[in-house]
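Coordinate analysis (summary)
Residues per chain, in single letters:
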Amino acid sequence: MQSHSLDVDIHIVLNDICFSAAHVDDLFPFFLRHAKQIFPVLECKEDLRKISDLRIPPNWYPEARAIQRKIIFHSGPTNSGKTYHAIQRYLSAKSGVYCGPLKLLAHEIFEKSNAAGVPCDLVTGEERQTVEPDGKQATHVSCTVEMCSVTTPYEVAVIDEIQMIRDLGRGWAWTRALLGLCAEEVHLCGESAAIDLVTELLYTTGEEVEVHKYERLTPISVLDHALESLDNLQPGDCIVCFSKNDIYSVSRQIEIRGLESAVIYGSLPPGTKLAQAKKFNDPSDPCKILVATDAIGMGLNLSIRRIIFYSLIKPSINEKGEKELEPITTSQALQIAGRAGRFSSHFKEGAVTTMYREDLTLLKEILNRPVDPIQAAGLHPTAEQIEMFAYHLPETTLSNLIDIFVDFAQVDGQYFVCNMDDFKFSAELIQHIPLSLRVRYVFCTAPINKKQPFVCSSLLQFARQYSRNEPLTFAWLRRYIRWPLLPPKNIKDLMDLEAVHDVFDLYLWLSYRFMDMFPDSNLVRGLQKELDAIIQDGVHNITKLIKISESRRLLNLESLPLGNQSHLSGALKGAAKRTRGTKSAGSKVAEPLSPSAKELPLASRLVQQGLLTADMLKQLQKEWLTQRPELGKERAGTRRKKKDPSSD
């Protein structure tokens, strides 16, 4: 009643309430007025609900709905020939589009098509190649799935790895291609787990799905014994790891044994991956062992005789965008294991096993499980939808607009809204830079690795230059990255070069959206090829870089001895099963430890590396005390008498 900031009419109502001349409910209109000022969403709630209604996605593609498409689903495991049959139909068509999950696959079909005398263009986020001499668009195009056109008519369309429609981050691109491609025939290639969902989705468009099932062309067997020691490696072996630290550790141990290995992991440039694959595949090359992550699961032709899982625990992202440590899924295990003994390789039969005996039972269990049917397809808000949201909420940041959109979005049970955390991360990063909403949206959809600080700061710098209307020229970029770059002297240098390669990718990606502001894409591509060659040399000598990094304490591979990892794998196996889908791990997984971390207890080191979570540690402690009650009582008594740091 003594406040001077309240309106006069509120003072009067309050006074009336105090003297029983009014009811407390009479304050509600004032509360509602205040709430609408603080939360503008309340003023236009119904309009926002209409804009974010995602319940009938087929209606977004009128060109596709105007024709009656024939849908053929080529279903089968890896190395069953399903993609081969779809590509044969693609090559025989008058016009066609291939949509792949990776740049490497798009490049492969691009080269295969032109080699077969079928003119084909290449379109990826960072690259455009036309083959017709006058620059005219060819009848066929090979592209990454995000880049396919949903307005260009084709005779045949091929959508590869259709099961990725369930992917939490990229699934929307497969949904868009499936529902939107204007082709008389649409050929889908992928796992049988996607058949039911695809059939349901296309039932709403009035299109029937014709299913062709294929069996694996070459046999693959699960061995009854684990490798147990790197001394037992044989030519054609591929050790699959799920962290860079394991890649480095295994590579060094192989080199100590006088063997040579090729290395492939996700953040390597495509050219380097192909060079390492060629080195491994070459019968005359002394390199007979491959150390790789699950990056080998797609897009590379490799002559592998035996797949060896170094671990079955893989970091993953759950629906909430949190990191988890859990065993690989059946789908992932089959995809990786299927790389052994391929029809086109030197080995006509494949085998799969684990590094440690404790993991072999779990691997067999995983591989014998049926693959769960895919339940839903991903969706993603368009720039137009976000612009309409911004019209109603002009003072709201782009990151908050996304949050509001996801909250208001209405989807039926066959769809879900893809994880927008990466988009929001970029939106918050460049929020303070003055840009139009459409330009800001494009910058936020640029694919970046948010774990790389240099790549993130480069996105920020590019946006800042754009906002000043200052073109990002070749000369400016050379100064920014401090070109020329030296060959890597250790692992840290190699990772820095990989980050610069990603910055070139970012520049090229933006150059196709803002040609005037990023004018030197051809020069930058030439620079990127030079950098790729430098990285290739570094990866070729990776064991030397690992040695130098160890000697300078830039890596800490000693903190997890090779012989002891089976115990960790066994402990994680049980803990990961219990925490699956509920407990999130830290934001870093298997990161190299700092030199001072060697002094920490083992449990603290494992938590710091992201190999254990606090919840998993508690669970292991409970199990230990349950299994050893006498020891537990003794240790508890000791702690009461005197707290011993070594007992923690």
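Predicted, not measured: the structure shown is a model, and the values here were computed from it.

What to know about the sheet that holds strand E2 (residues 96-100)
Spatially, 8 strands are ordered E4-E3-E5-E2-E6-E7-E1-E8 in an open sheet, and the strand pairing comes out mixed. Pairing within the sheet leaves two strands with one partner each, and these edge strands are strand E4 (128-129) and strand E8 (209-213). As judged from the 6 bridges shared by strand E6 (residues 153-159) and strand E7 (residues 182-190), these two strands associate in the parallel manner. Within the sheet, the bridge partner assigned to Pro-153 lies in E7 and is Cys-182. Relative to the sheet, helix H5 (residues 82-92) contacts strand E1 (70-75), E2, strand E3 (120-123), strand E5 (140-144), E6 and E7, its axis offset from that of E7 by approximately 160°. Sheet strands in contact with helix H6 (residues 103-115) are E2, E3, E4 and E5, and its direction is about 165° off that of E3.

Observations regarding the nonpolar core
Counting residues in each nonpolar core, the largest one holds 144 residues, and the members touching the most others are Phe-443, Phe-462 and Phe-518. Per-element tally for this core: the top contributor is helix H19 (residues 491-511), with 12 residues. Once residues lying within four places of it in the same chain are set aside, the contact partners of Phe-462 are Phe-443, Leu-472, Trp-476, Leu-477, Val-503, Leu-506, Tyr-507, Leu-510 and Phe-518. Counting residues in each nonpolar core, the second largest holds 29 residues, with Ala-262, Ile-296, Leu-312 and Ala-333 among its members.

Some remarks on the state of the cysteines
If you walk through the whole model with that rule in mind, you get 0 disulfides. No disulfide involves Cys-148; its sulfur sits 4.2 Å from the nearest other cysteine sulfur, which is in Cys-99.

Concerning helix H7 (residues 171-180)
Here H7 lies mainly inside the structure; 8 of its 10 residues are buried. Residues Gly-171, Ala-173, Trp-174, Thr-175, Ala-177, Leu-178, Leu-179 and Gly-180 constitute the buried set of H7. On the buried face of H7, the contacting elements are helix H4 (62-65), E6, E7, helix H8 (195-203), strand E17 (377-379) and strand E18 (415-417).

Quick look at the packing of aromatic side chains
Enumeration over the complete set of coordinates arrives at 16 aromatic pairs. A ring pair is formed by Phe-443 and Phe-514, whose centres lie 5.5 Å apart and whose planes are at 20°; its orientation type is stacked. Here Phe-443 is found in helix H16 (residues 437-445), whereas its partner Phe-514 is found in the loop between H19 and helix H20 (521-540), with 71 residues between them in sequence. Classification of Phe-443 as buried rests on a relative accessible area of 0%. On the basis of relative accessible area, Phe-514 is assigned to the buried category, the value being 11%. Here the aromatic rings of Phe-462 and Tyr-480 are separated by 6.3 Å at their centres, their planes lie at 55°, and the arrangement is tilted. Highlighted residues: Phe-462 in helix H17 (residues 453-467) and Tyr-480 in helix H18 (residues 474-481), separated in sequence by 18 residues. Note on Phe-462: relative accessible area 0%, which makes it buried. By the ring-pair criterion, three or more aromatic residues cluster together here, those being Phe-454, Phe-462, Trp-476, Tyr-480, Tyr-507 and Phe-518. One Lys or Arg, Arg-513, reaches over the ring of Trp-509 and ends 3.7 Å from the middle of that ring.

Remarks on the pairing of E7
Taken residue by residue, a regular strand's side chains alternate between the two faces of the sheet. Across the 9 residues of E7, 8 count as buried, placing the element largely inside the fold. As judged from the 6 bridges shared by E1 and E7, these two strands associate in the parallel manner. Looking at E7, one finds that Lys-70 is bridged to Glu-185. In this region the chain leaves E6, passes through H7 and returns to the parallel neighbour E7; the handedness of that crossover is right-handed.

Section: the pattern of salt bridges
Working definition: two side chains of opposite charge can pair if their charged atoms are close together. A complete count under the given rule lists 25 salt bridges for this structure. Salt-bridge contacts for Arg-170 lead to Glu-146; the nearest nitrogen and oxygen are separated by 2.7 Å. Here Arg-170 is found in the loop between E6 and H7, whereas its partner Glu-146 is found in the loop between E5 and E6, with 24 residues between them in sequence. Owing to a relative accessible area of 25%, Glu-146 belongs among the partly exposed residues under this scheme. In this structure, the salt-bridge partner of Arg-438 is Glu-387, at a minimum N-O distance of 3.0 Å. Taken together, the positions of Arg-438 in helix H16 and Glu-387 in helix H13 (residues 383-392) put the pair 51 residues apart, joining distant regions of the chain. Residue class for Arg-438 comes out partly exposed when judged on its relative accessible area of 34%. Since its relative accessible area comes to 30%, Glu-387 is described here as partly exposed. When salt bridges that share partners are traced, they join Arg-65, Arg-69 and Glu-207 into one network.

Observations regarding a nonpolar patch on the surface
On the surface, Phe-28, Phe-31 and Leu-32 cluster together into a nonpolar patch covering about 300 Å² of accessible area. Examined against the element boundaries, Phe-28 turns out to sit in helix H2 (residues 28-38).

Reading guide: rules and limits
Residues numbered from 1 in each chain as written. Predicted model: local features only at pLDDT ≥ 70, side-chain atom pairs only at ≥ 80, totals over all residues. Heavy atoms only, no water. Pairing = 2+ DSSP bridges. Helix = DSSP H or I, 4+ residues; strand = E, 2+ residues; numbered from the N terminus. Contact = heavy atoms within 4.5 Å. Axes fitted to C-alpha atoms, helices over the stretch in contact; angles between N-to-C directions. Core = buried A, V, L, I, M, F, W, Y, C linked by side-chain atoms within 4.5 Å. Buried < 20%, exposed > 50% of the residue type's maximum accessible area, 1.4 Å probe, protein only. Disulfide = S-S within 2.5 Å. Phe/Tyr/Trp six-rings, centres within 6.5 Å; stacked < 30°, edge-to-face > 60°. Lys NZ or Arg CZ within 6 Å of the ring centre and 35° of its normal. Right-handed = clockwise from strand over helix to strand, strands pointing away. Salt bridge = Lys/Arg side-chain N within 4 Å of Asp/Glu carboxyl O. Patch = residues over 30% accessible without salt bridge, like charges linked within 9 Å, V, L, I, M, F, W, Y side chains within 5 Å. Areas by Shrake-Rupley, 256 points an atom, 1.4 Å probe, with all protein chains shown as cover.

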